[in-house]
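Coordinate analysis (summary)
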Amino acid sequence: MELTSIVDGTSAQIADAGDLEALDALERSSIGKKGELTLKKKELGSLEPDARKAAGQALNEAMRALSDRFAERRSELAAAAEATRLASERLDLTEALTEIRRGHAHLVTQARDRLEDVFVGMGFTVAEGPEVESAWYNFEALNIPEWHPARGSFDTIFVDLGEPEQVMLRSHTSPVQIRTMENQKPPIYIVAPGRTFRTDTADATHLPAFNQIEGLVVDRGIGLGDLAGTIESFVHAFFGHEVKTRLRPSYFPFTEPSAEFDISTADGGWLELGGCGVVHPNVLANCGIDPEEWQGFAFGFGIDRLAVMRYQLDDIRELVNNDVRFLRQF
Ligand code: FA5
């Protein structure tokens, strides 16, 4: 019968439809509003009632059967399309499994470790002190009495403990000089790296919490030449021989004479790294060391700024943004 062959032919075409578009077109042309079978329904009117009924039932069944096949094929094609999409979006995680990325020390920690290595290589030992200090260690023993204008220049962060302005986050690592000299007889050769704090607003060259490394030498017959030589050897070991150093006269109450030291930059300029000088006799005396017998030099510089120089960063704040993509490079 004609209907059976239409159904068989259309079923075969449905099975062959390669994508949803082809399937939709086929559906429209067979059982759609203007499709072949739908048009056949309209022809039923010309038949006798009995014949019309039988032909109508047969047509409805045929259309239902085809409609089911369209639905089946449609879900087959949708599943295939989904599988293709998933395959194209598949992530190959085998690399992550085979190549485990280890973390590493932060670049400020790396700089600090290297600094320690360089100074230990020169015969220094590493000392430490607390981050919360009393006014005695942070200021007074360092020849900065309460009335001294230099006290204001340290932009100190005070802690709400005891007498007002007597307990603070250390504003430099110089208090470790005092703690060391109180506990150790000369000769003394120490470096003391650690965190320091000031009310400084963060900008390209400042952080409110930063790191310094203090150096202290107390021995017989020590002078400015020893200081200059030590700094030069350190800079060469840390940065390489192309870098030059210079000392500029400066002022710190705990050293006399005092200097600021700079290193040469790639663009021909100079960058201030820290302060230094010959230990003031009052400071030695405050720690029970006879300034007639012993002399010393001290220095203190910013480790974060050293890291900025060594790794050629544009902005010191990069060090504390904790952007893993940035940190991974070092
Ligand atoms: C001092 O802190 C002295 N205690 C240094 C010293 C020690 C002098 C021993 C003599 C003898 P000053 O305030 O200049 O000095 O700070 C020293 C260095 O710390 C600066 O040169 C800079 O490298 C670093 N530094 C200071 N403030 C900041 C800051 N807010 N952020 C990052 N680095 C800083």
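This write-up is about the structure you can find in this document. All values reported here derive from a predicted model rather than from experimental measurement.

Reading the values: rules and limits
- Residues numbered from 1 in each chain as written.
- Predicted model: local features only at pLDDT ≥ 70, side-chain atom pairs only at ≥ 80, totals over all residues.
- Heavy atoms only, no water.
- Axes fitted to C-alpha atoms, helices over the stretch in contact; angles between N-to-C directions.
- Helix = DSSP H or I, 4+ residues; strand = E, 2+ residues; numbered from the N terminus.
- Parallel < 35°, antiparallel > 145°, perpendicular 65-115°, else oblique.
- Contact = heavy atoms within 4.5 Å.
- Nonpolar A, V, L, I, M, F, W, Y, C, P; charged D, E, K, R; others polar.
- Buried < 20%, exposed > 50% of the residue type's maximum accessible area, 1.4 Å probe, protein only.
- Pairing = 2+ DSSP bridges.
- Near = heavy atom within 4 Å.
- Polar contact = N/O pair within 3.5 Å; in protein donor to acceptor, adjacent residues only side chain to side chain.
- Areas by Shrake-Rupley, 256 points an atom, 1.4 Å probe, with all protein chains shown as cover.
- Core = buried A, V, L, I, M, F, W, Y, C linked by side-chain atoms within 4.5 Å.

Considering the packing of helix H10 (residues 224–239) against helix H12 (residues 303–310)
Helix-helix packing is characterised by the crossing angle of the two axes and by the distance between the axes. Interaxial distance between H10 and H12 falls to 11 Å at its minimum, and their mutual angle equals 50 degrees. Our classification of the angle between H10 and H12 gives oblique. Along the contact surface, H10 presents Phe 234, Phe 238 and Phe 239, while H12 presents Leu 306, Met 309 and Arg 310. Broken down by class, the residue content of the contact of H10 with H12 amounts to five nonpolar, no polar and one charged.

Focus: the pairing of strand E9 (residues 270–279)
Along E9, seven of the 10 residues are buried, which leaves the element largely enclosed by surrounding structure. Direction of pairing for strand E8 (residues 255–264) relative to E9: antiparallel, over a ladder of eight bridges. Bridged to Asp 262 within E9 is Glu 272. A loop of five residues connects E8 with E9, the two strands running antiparallel in sequence, and Gly 268 in this loop sits at a positive phi of about 90 degrees. In this structure, E9 lies alongside strand E10 (residues 295–302), joined through five bridges in antiparallel fashion. Bridging across to E10, Gly 274 finds its partner in Phe 301.

Overview of the site of the ligand
Around the ligand, 27 residues are found, and the nearest of them are His 172, Arg 198, Asp 200, Leu 207 and Glu 272. Here an oxygen atom of the ligand sits 2.9 Å away from a polar atom, N or O, in the main chain of Leu 273. Take Gly 302: an N or O atom from its main chain is 3.3 Å from an oxygen atom of the ligand. Contact with the protein chains covers 95% of the free accessible surface of the ligand, which is 680 Å².

Thoughts on the nonpolar core
Of all hydrophobic cores here, the largest spans 39 residues; its most connected members are Leu 115, Phe 119, Phe 234, Phe 239, Phe 299, Phe 301 and Leu 306. When contributions to this core are tallied by element, the ones reaching two or more residues are helix H6 (107–121), strand E6 (209–219), H10, E8, E9, E10, H12 and helix H13 (324–327). Those residues within four positions of Phe 299 in sequence are excluded, and the remaining contacts are Phe 119, Val 191, Ile 213, Glu 214, Gly 215, Leu 227, Gly 275 and Cys 276.

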